[in-house]
Amino acid sequence: MTGLELTLLVALAAALVLGAIAHRLGAPPMLGYIVAGLAVGPATPGPEVSREDVLALADVGVALLMFSIGLQFSLAELRSVGARILAGTPVQVALTMAVGTATGLAMGWPLIEALFVGGAVAVCSTVVLFKVAGEATLHTTPYGRTALGVSVVQDLLTVVLVVTLSALGSREEETIGALLLRVGIAVGFVAVVVIGGSRVLPRLLAIIAGLRSRELFVIGVAVIAIGTAFAASALGVSVALGAFVAGLAFADSDLTDSVLGEIVPLRELFSTFFFVSIGILLQPAAIVAAWPVVIALLLVITLGKAVPIAGLATLVGQRPSSALRAGALIGQSGEFSFVLAATGLALGAVEPEAFSLAMGAVVISIVTAEPLLAGAKRLGDWLDRVVRAPPLPGDEPLPGLRRHAVILGYGRAGRSVARVLDSRGFAWVAVEGDYAVAREAREAGAAVIYGEAGTPSVLDRASVATAHALVVAVPDALAARQAVTYARDRNPRLEVVARAHSEAEEAELKALGALRVVVANRELGNELVRHALRLFGVSEREVAAILESRRRS
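Rules of the game
- Residues numbered from 1 in each chain as written.
- Predicted model: local features only at pLDDT ≥ 70, side-chain atom pairs only at ≥ 80, totals over all residues.
- Heavy atoms only, no water.
- Helix = DSSP H or I, 4+ residues; strand = E, 2+ residues; numbered from the N terminus.
- Rg over C-alpha atoms; globule rule 2.2 N^0.38 Å.
- Buried < 20%, exposed > 50% of the residue type's maximum accessible area, 1.4 Å probe, protein only.
- Contact = heavy atoms within 4.5 Å.
- Areas by Shrake-Rupley, 256 points an atom, 1.4 Å probe, with all protein chains shown as cover.
- Lys, Arg positive; Asp, Glu negative; His and termini not counted.
- Charge placed at Lys NZ, Arg CZ, Asp CG, Glu CD.
- Pairing = 2+ DSSP bridges.
- Right-handed = clockwise from strand over helix to strand, strands pointing away.
- Axes fitted to C-alpha atoms, helices over the stretch in contact; angles between N-to-C directions.
- Left-handed = near helix turned anticlockwise from the far one by under 90°.
- Phe/Tyr/Trp six-rings, centres within 6.5 Å; stacked < 30°, edge-to-face > 60°.
- Salt bridge = Lys/Arg side-chain N within 4 Å of Asp/Glu carboxyl O.
- Core = buried A, V, L, I, M, F, W, Y, C linked by side-chain atoms within 4.5 Å.
- Parallel < 35°, antiparallel > 145°, perpendicular 65-115°, else oblique.
- Nonpolar A, V, L, I, M, F, W, Y, C, P; charged D, E, K, R; others polar.
- Polar contact = N/O pair within 3.5 Å; in protein donor to acceptor, adjacent residues only side chain to side chain.
- Expected span 1.5 Å × (residues − 1).

Asker: Run through the overall build of the protein, naming residues and quoting values.
Answerer: Counting its regular elements, the protein contains 26 helices and six strands. For a compact globule of 553 residues, the expected C-alpha radius of gyration is about 24 Å, and the protein comes in at 26 Å, within 12% of that figure. Classification of the 553 residues of the protein by burial places 49% in the buried group. Of all intrachain contacts in the protein linking residues separated by at least 6 positions in sequence, the fraction that spans at least 24 positions is 73%. Split by element, the accessible area of the protein, about 25,800 Å² in all, is 64% carbon and sulfur. Put simply, the protein has 43 plus and 45 minus side-chain charges, and the middle of one group is 11 Å from the middle of the other.

Asker: Quick one: what's the story with the pairing of strand β6 (residues 516–519), residue by residue and with numbers?
Answerer: Judged by which residues are buried, β6 turns out to be one-sided: Val 517 and Val 519 face inward and are buried, whereas Arg 516 and Val 518, on the alternate face, are not. Sheet analysis places strand β5 (residues 495–500) next to β6, joined by four bridges and oriented parallel. Bridging across to β6, Ala 498 finds its partner in Val 517. Each parallel crossover has a hand, and for β5 linked through helix α24 (residues 503–511) to β6 it is right-handed.

Asker: Go over the packing of helix α3 (residues 51–71) against helix α12 (residues 239–250), please, and point to the residues and values.
Answerer: Two elements in contact, α3 and α12, have axes whose closest approach is 7 Å; the angle formed by their N-to-C orientations is 35°. As for the relative orientation of α3 and α12, their crossing is right-handed in sense. In this structure, α3 contributes Asp 59, Val 62, Ala 63, Met 66, Phe 67, Ile 69, Gly 70 and Leu 71 to the contact, and α12 contributes Val 239, Ala 240, Ala 243, Phe 244, Ala 246, Gly 247, Leu 248 and Phe 250.

Asker: Please give an account of the packing of aromatic side chains that cites residues and values.
Answerer: All chains considered together, the criterion is met by six aromatic pairs. Between Tyr 33 and Phe 275, the aromatic rings sit 6.5 Å apart at their centres with planes inclined by 35°, giving tilted as the arrangement. Of this pair, Tyr 33 sits in helix α2 (residues 29–39) while Phe 275 sits in helix α13 (residues 256–281); the two residues are 242 residues apart in sequence, bridging distant segments of the chain. Judged by relative accessible area, which is 7%, Phe 275 ranks as buried. Ring plane angle 65° and centroid distance 5.6 Å describe the contact between Phe 274 and Phe 275, whose orientation is recorded as edge-to-face. Three or more aromatic residues joined by ring pairs form one cluster here, namely Tyr 33, Phe 274, Phe 275 and Phe 338.

Asker: So what's going on with the pattern of salt bridges? Which residues, and what values?
Answerer: Inspection of every chain in the model, using the stated rule, returns eight salt bridges. Residue Asp 460 pairs with Arg 490 through a salt bridge whose shortest N-O separation is 3.4 Å. Taken together, the residues span a long stretch of sequence, with Asp 460 in helix α22 (residues 456–461) and Arg 490 in helix α23 (residues 477–490) at a distance of 30 residues. By relative accessible area, Asp 460 is classed as partly exposed at 34%.

Asker: So what's going on with unusual backbone geometry? Residues and values would help.
Answerer: Not every positive phi belongs to a glycine, and Arg 212 is a case in point at roughly 55°. Position of Arg 212 relative to the elements: it lies in the loop between α10 (176–209) and α11 (214–234). In this structure, Ser 463 is a non-glycine residue whose phi angle is positive, near 55°. Here Ser 463 lies in the loop between α22 and β4 (469–472).

Asker: Explain the environment of Val 519 to me, using residue names and the numbers behind them.
Answerer: Its place among the elements puts Val 519 in strand β6. Judged by its relative accessible area of 5%, Val 519 falls in the buried class. For the pair Val 519 and Ala 500, spaced 19 residues apart in sequence, the C-alpha to C-alpha distance is 4.8 Å. Other than its neighbours up to four places away in sequence, Val 519 contacts Ala 500, His 501, Ser 502 and Glu 506.

Asker: Quick rundown of the side chain of Thr 7? Include the residues and the values.
Answerer: Counting through the fold element by element, Thr 7 comes out in helix α1 (residues 3–24). Note on Thr 7: relative accessible area 2%, which makes it buried. When neighbours within four sequence positions are excluded, Thr 7 is seen to be in contact with Leu 12, Val 49, Ser 50, Asp 53 and Val 54.

Asker: Give a detailed account of the sheet that holds strand β2 (residues 428–432), specifying residues and quantitative values.
Answerer: Spatially, six strands are ordered β3-β2-β1-β4-β5-β6 in an open sheet, and the strand pairing comes out parallel. A strand with exactly one partner marks an edge of an open sheet, and here the two such strands are β3 (448–450) and β6. Between one strand axis and the next, the sheet turns by 15° as a mean value, whatever way the strands run. Packing against the sheet, α24 makes contact with β5 and β6, and its axis sits at approximately 165° to β5.

Asker: Any details on the nonpolar core? Residues and values, ideally.
Answerer: Counting 117 residues, the largest nonpolar core has Phe 67, Leu 205, Val 259, Phe 338 and Met 359 as its most contacted members. Counting 26 residues, the second-largest nonpolar core is a separate cluster that includes Leu 408, Ile 449, Ala 487 and Val 496.

Asker: Provide a residue-level description of the packing of helix α5 (residues 83–106) against helix α15 (residues 291–315), including the pertinent values.
Answerer: The geometry of α5 relative to α15 is characterised by a closest axis approach of 10 Å and an angle of 155° between their N-to-C directions. In this view, α5 runs roughly antiparallel relative to α15, as classed from their interaxial angle. Considering only the axes of α5 and α15, their crossing is right-handed. Seen from α5, the contacting residues are Arg 84, Ile 85, Gly 88, Thr 89, Gln 92, Thr 96, Val 99, Gly 100 and Thr 103; seen from α15, they are Ala 296, Leu 297, Val 300, Gly 304, Lys 305, Pro 308, Ile 309, Leu 312, Ala 313 and Leu 315. Considered class by class, the residues forming the contact of α5 with α15 number ten nonpolar, seven polar and two charged.

Asker: So what's going on with the environment of Ala 361? Which residues, and what values?
Answerer: Mapped onto the secondary structure, Ala 361 falls in helix α18 (residues 352–367). Using a relative accessible area of 0% as the deciding quantity, one classes Ala 361 as buried. Residues Ala 361 and Ala 349 lie twelve residues apart in sequence; the distance between their C-alpha atoms is 19 Å. With residues near it in sequence (within four places) discarded, Ala 361 still touches Val 294, Leu 297, Leu 298 and Ile 301.

Asker: Describe the side chain of Gln 332, listing the residues and the values that go with them.
Answerer: You can see Gln 332 is positioned in the loop between α16 (320–330) and α17 (335–347). Polar contacts involving the side chain of Gln 332 include one to the main-chain carbonyl oxygen of Leu 329, which spans 2.8 Å. Setting aside its immediate chain neighbours within four residues, Gln 332 contacts Val 123, Cys 124, Ser 125, Val 128, Leu 129, Ile 301, Lys 305, Ser 365 and Ala 369.

Asker: Help me get a handle on the environment of Phe 230, residues and values and all.
Answerer: By secondary structure assignment, the location of Phe 230 is in helix α11. Here the alpha-carbon distance between Phe 230 and Gly 242, two residues twelve residues apart in the chain, equals 7.2 Å. In contact with Phe 230, other than residues within four places in its own chain, are Asp 59 and Val 239.

Asker: With reference to specific residues and values, describe α15.
Answerer: For α15, spanning 25 residues, the distance from its first C-alpha to its last is 36 Å, which sits close to the expected 36 Å at 1.5 Å a residue. Directly beyond the C-terminal end of α15, a positive phi value near 100° is found at Gly 317.

Written as structure tokens, this is what we have:
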């Protein structure tokens, strides 16, 4: 067995075992991969793999990771967050980076080393974000959308930081002209790949797809992603930037979903080596010896990002509970911090000891991400009770309504229900926790109350005690249960229809008194069954009977 084969086997086996343990403990598997790197690295006794081989494989992981980020980049998703938060995020990164840099300078580190560490602690991890919040929360709640938008902007800023700090951290002495030339090459590379590549690369891949061979398509995707990344490296541009702009070239292509589907397994495999490489490079003795510095950097990572983002969310009108949860979701670091710090380490701008201290703080921030979110929720719920909500334009829905519908959540589903009720002349009042959505709806003349769906005072303002129906369209399972419990207590005759994401949620809501619970995935399956049976000539009555039987089972 060759050295490379042994490295692959030992590193992957250790990552599999320790990643599985981390997963079983409810932690992100990446923590297990980092521990695997410690286990097979020089810092611990036992088997030791080739550091150079792992670092080379890690570069491929970085390239595939950044390529997939570029593929999923969405301007529409950014616009939905709001201009103030998008404009404020670079300010937050600059402030947090300044605090992190000042911490490094206080330790006596050189300026460029302190800048790399400051940049590493100033950005969050999209992977950890999805792990802690879940995809449904990120796309359907105000604080989730805010955190996701901030994360996307930080991803872009990380690419800028990698390019800029790589130029500044190079050990080669450069004149201003040479530095400007490097920046010009980077800008030119981005322009050529994004503008020219968006026309050429999708067509090239379409030709390969026309061969109807999946293995050739996978190879084609890998060649484009990795090839563009290392072409950038040959021009003096970072691998991360090269891979990111290659992904951008495919972002609006018809092949985006297919490319992403094929690249994800490769990305997950090779990104494992990236996290293993972090463990190999860590120096546990240095972390233990300088634990006050690690704690200081951890505070910069958590409070240094959470507080500014919570403040931005408050400025755009989010309730304290929502604003604090948005900040807490951002109060962690992960893969892009590793990318930035590892880039500085490779350039010799960051010493191994400083790298270990920064990465030790990053790893702890991953562990504390969920407790931080839980604490932010408790504090935010208390503040919601004592802080008065900002007023909305227009008139508050009149008290004393009777036999109306109360719609919890004025998103896409809630608006659909409201339009149908309007068309039949039925009265309704909606409750919406996103201030921007509530304000826009009130400006349009809709009967919308701003507040959290599960709050008793908000439900009282919606006259739930005299309502005929309660429509629960919020994705937050806890808020839904609280709302149904309080509403049924105030109005035992209230008819309740609710949404749920699982059969367990459905059972809980029905036990609380919901008449009908719609499970999204099951209803999607029912619609597919309906259309499939109709294609075979099954009557509508028989189809309805089959679907009703499926709902009861």
